[in-house]
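A look at the structure
So the chains spell out like this:
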Amino acid sequence: MNFSFPKPLLPLLFLGLLPGTAALAQKKKPAPATAAAKATSPADIERRISDLLAQMTLEEKVGQLNQYSGREVTGPASDRKNTLLTSIRNGQVGSMLNVKGVKDTREIQAEALKSRLHIPLLFSLDVIHGYQTTFPIPLGEAASWDLDAIRLGAHVAAREAAASGIHWTFAPMVDIGRDPRWGRVMEGAGEDTYLGSLVAKARVLGFQGEKLGGTDAVMACAKHFAAYGAALAGRDYNAVDMSEQQLWETYLPPFKAAADAGAATFMNSFNALNGVPATGNRYLQRDILKGQWQYPGFVVSDWGSIGEMANWGYATDKTDAAQRAITAGSDMDMESDVYHQKLAQLVKDGQVKTELVDDAVRRILRKKFELGLFDDPYRFSDETREKQVLADPQNRAAARQMARKSLVLLKNDNATLPLGKTLRRIALIGPIAKAKRDLNGSWNVDADTTRITSLYDGLRQRASKTTELLYAKGCEVSGDNRAGFDQAVAAARNADVVVMAVGESWDMSGEAKSRTDIHLPGVQEELFKALKATGKPVAVVVFGGRPLVFDAIAEQADAILYAWWPGSEGGTALADVLYGDYNPAGKLPITFPRNVGQIPIAYNQQYNTGRPVTKPGDIRYKSAYIDAPNTPRYAFGHGLSYTSFKYSDLKISHPQLQAGEAVQVSFTITNTGKVAGEEVTQLYVRDLVSSVVRPLKELKDFRKISLKPGESQTITFTVDKNKLAFYNAKLEWQAEPGKFNLLVGSASDDIRLEGALELLP
Ligand code: BGC
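Reading guide: rules and limits
- Residues numbered from 1 in each chain as written.
- Predicted model: local features only at pLDDT ≥ 70, side-chain atom pairs only at ≥ 80, totals over all residues.
- Heavy atoms only, no water.
- Phe/Tyr/Trp six-rings, centres within 6.5 Å; stacked < 30°, edge-to-face > 60°.
- Helix = DSSP H or I, 4+ residues; strand = E, 2+ residues; numbered from the N terminus.
- Buried < 20%, exposed > 50% of the residue type's maximum accessible area, 1.4 Å probe, protein only.
- Lys NZ or Arg CZ within 6 Å of the ring centre and 35° of its normal.
- Pairing = 2+ DSSP bridges.
- Axes fitted to C-alpha atoms, helices over the stretch in contact; angles between N-to-C directions.
- Polar contact = N/O pair within 3.5 Å; in protein donor to acceptor, adjacent residues only side chain to side chain.
- Parallel < 35°, antiparallel > 145°, perpendicular 65-115°, else oblique.
- Left-handed = near helix turned anticlockwise from the far one by under 90°.
- Contact = heavy atoms within 4.5 Å.
- Nonpolar A, V, L, I, M, F, W, Y, C, P; charged D, E, K, R; others polar.

Some words on the packing of aromatic side chains
Two measures describe an aromatic ring pair: the distance that separates the ring centres and the angle between the ring planes. Within the structure shown, the criterion is met by 28 aromatic pairs. Between the aromatic rings of Trp 182 and Tyr 228, the centroid separation amounts to 5.0 Å while the plane-to-plane angle is 85 degrees, which identifies the pairing as edge-to-face. Of this pair, Trp 182 sits in the loop between strand E4 (168-169) and helix H8 (193-208) while Tyr 228 is found in the loop between strand E5 (221-225) and helix H9 (244-251), placing the two residues 46 residues apart along the sequence. Residue Trp 182 is classed as buried on the basis of its relative accessible area of 0%. Exposure remark for Tyr 228: the relative accessible area of 0% places this residue in the buried category. Aromatic pair Tyr 228 and Phe 270: ring centres 6.2 Å apart, planes at 65 degrees, arrangement edge-to-face. Linking Tyr 228 in the loop between E5 and H9 with Phe 270 in the loop between strand E6 (265-268) and strand E7 (272-273), this pair joins segments that are 42 residues apart in sequence. In this structure an aromatic cluster arises from ring pairing among Trp 145, Tyr 194, Tyr 603, Phe 636, Tyr 684 and Phe 702. Between Lys 223 and the ring centre of Trp 443, over which it is positioned, the NZ or CZ distance is 5.5 Å.

Given below as structure tokens:
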């Protein structure tokens, strides 16, 4: 079954655009797939693959393992275009990336069908956070902690892409990202493995549906296998060095969750892990993924990563790289051209067994069969569907919903937000106030940048006719030009309130966008100080693809709303939240440090140590810094609301837990404020004594609930032995008898209720 816009959900989706969104908290029911692939049993598919394999020459088999980028193949005449078209007609290409749209995919598929065995191509693309309609960057989506919404976002992206001839997206990125210097933290779900694994599953199901083959779905690709997010010093493509415990406990589970959810493909990664490039890493790909996990899908290399093993000093040349990659379990070569050049000869020379090649080909053909491409190679390339799906207003409605859910209210002194509905003048100031392209962030594969709603447009549409919007840019994102300061200060003086829009620009985070200094760039903080000096209340909206550092704003702003890169409907969603039509409920999926020197600072990398700081300021010979506190600027799980929640009545069903049993942890949450709101309540565990020391807190469960003013709800979390387990020194997943703290709260640094539990031997 695929997850489509279920009919009963449609009215709710639109309803959700009205003030109050409790309706959206309802569960969405999966609906039948549209145009499912012809029912073919797995046994039939395996038989058809065997028939085909028996007819294939070695060169044709290797052909299935090659993937090329096709920007040129549909462009003007060129040598590259000729070469690609010839290779496609000769059956030497299994997949193209970056060919999109019904017209182009039809044209190129027709070329592939001219090959001797008429094997269709797979069209792939980086549909990371939307296709034509852009959703918030994945890190922003994760801040919603709303798995149904995340699944819906992936589904909308898949539906649009699948209507444009795409079969396969290179998403989700399920790398744990704990280092905000690494530009790619924007593409993942943040620093926590529990949250990250659930988000991985939601995204895979959103992209693919329950089963491959619907024309409203695309194949997912869990990437980058593995540990890419732990690049040394946060520098992209760098080496990774980590213990086996950390690999298994922190970095592998989201991949396992993606595999269990049926992710059709995996992508390996650019990094070396403990000395072995992931692309040539047999332990990762053969032993763990295809061995222990029995993964039936195929593995694509990352762009050129097979060839890059020579740069790493791991392969002597292309021949050696091809031999190492296929042996290690890399099935498809993205853009290295190394398999194409070297693999057939390696087989002929007896250096690579035919069975290895056959296994890789079988895995790839299996997906082509499951997608129904052998029955109808053009089934994803239908012009009428393309027009209809891309113009569907539900897509933007879903993007607006997701954007609202992704916003995190970091600070709100004196109820500065929401803005009063009767304000006479709002000064909207800052380099991102009218920006459009920036709102889409990195990875825009087909986004229509003319259809992005800026913050200015969103506020203008939402503000009453009698409210004047005084706009001044003030400064650029980067550089030190202060020429616009005076005009901005004058606008602030004339206004009742200042809304400031600052951040990094879209191309400052993403792939190959690591930064050593993650401060808000340029003179933006200086401009903020000048505005603050007017005495007017200043609400700051910060845009960015990573946690940014901002000191004056954190300390002196009256309110701070973190907007990430919110996508096509960012401006409208922000206006919804700034005006209180939607009560923000986002919570940080990644820790915000005070400065770069505190990194690594993920909440679950904090230990008691042998010398804990027990009294603030008492740091002599303690595990501390002499120039900054240990605490971050904003902790994992932090995020405010326009209302307040009281936690009470913690009950733990049994103080002791026997193996094989479970305890219920229940408590009450009451909305003690004046407006309806949502709360993401979080359960953390601390293991007090264990054979391998544990972090101070580990997230084990959460629930997002919606409460009207004065309303209460009892929440129950179940804790069993599995929730207390970890990898011990022998790499066994085990819970050790002893005492645990159970911590319930609104953020990792805002624990409201605390209880004790003992695990009995
Ligand atoms: C990135 C991948 C991406 C691929 C194809 C690589 O540089 O690391 O995440 O899917 O390019 O565009």
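Structure's up, so let's keep going.
Regarding the sheet that holds strand E22 (residues 712-720)
Spatial ordering of the open sheet is given by E17-E19-E22, a layout of three strands whose pairing is antiparallel. The sheet terminates laterally at strand E17 (645-652) and E22, the two strands that pair on one side only. Each neighbouring strand pair of the sheet contributes to a mean axis angle of 20 degrees, computed without reference to strand direction. Examined bridge by bridge, strand E19 (residues 662-671) and E22 share nine bridges and lie antiparallel to one another. Considered in E22, the bridge of Thr 670 is made with Ser 712.

Digging into the side chain of Arg 379
In this fold, Arg 379 is placed in the loop between helix H14 (354-370) and helix H15 (383-390). Within the local environment of Arg 379, its side chain forms a polar contact with the backbone oxygen of Gly 213, the two atoms lying 2.9 Å apart.

What about the packing of H8 against helix H10 (residues 253-260)?
One can describe the packing of H8 onto H10 by two numbers: an axis separation of 8 Å at closest approach and a directional angle of 25 degrees. When the axes of H8 and H10 are compared, the pair comes out roughly parallel. The way H8 lies across H10 gives a crossing that is right-handed. For the pair formed by H8 and H10, the contact residues are Thr 193, Gly 196, Ser 197, Ala 200 and Val 204 on the first element and Pro 253, Pro 254, Ala 257 and Ala 258 on the second. Taken together, the residues of the contact of H8 with H10 break down into six nonpolar, three polar and no charged.

Overview of the packing of H9 against H10
Their axes nearest at 5 Å, the elements H9 and H10 cross at an angle of 45 degrees. Accordingly, the angle class assigned to the pair H9 and H10 is oblique. Only Pro 253, Pro 254 and Phe 255 of H10 make contact with H9, whose side of the interface consists of Leu 247, Trp 248, Glu 249, Thr 250 and Tyr 251. By residue class, the composition of the contact of H9 with H10 is six nonpolar, one polar and one charged.

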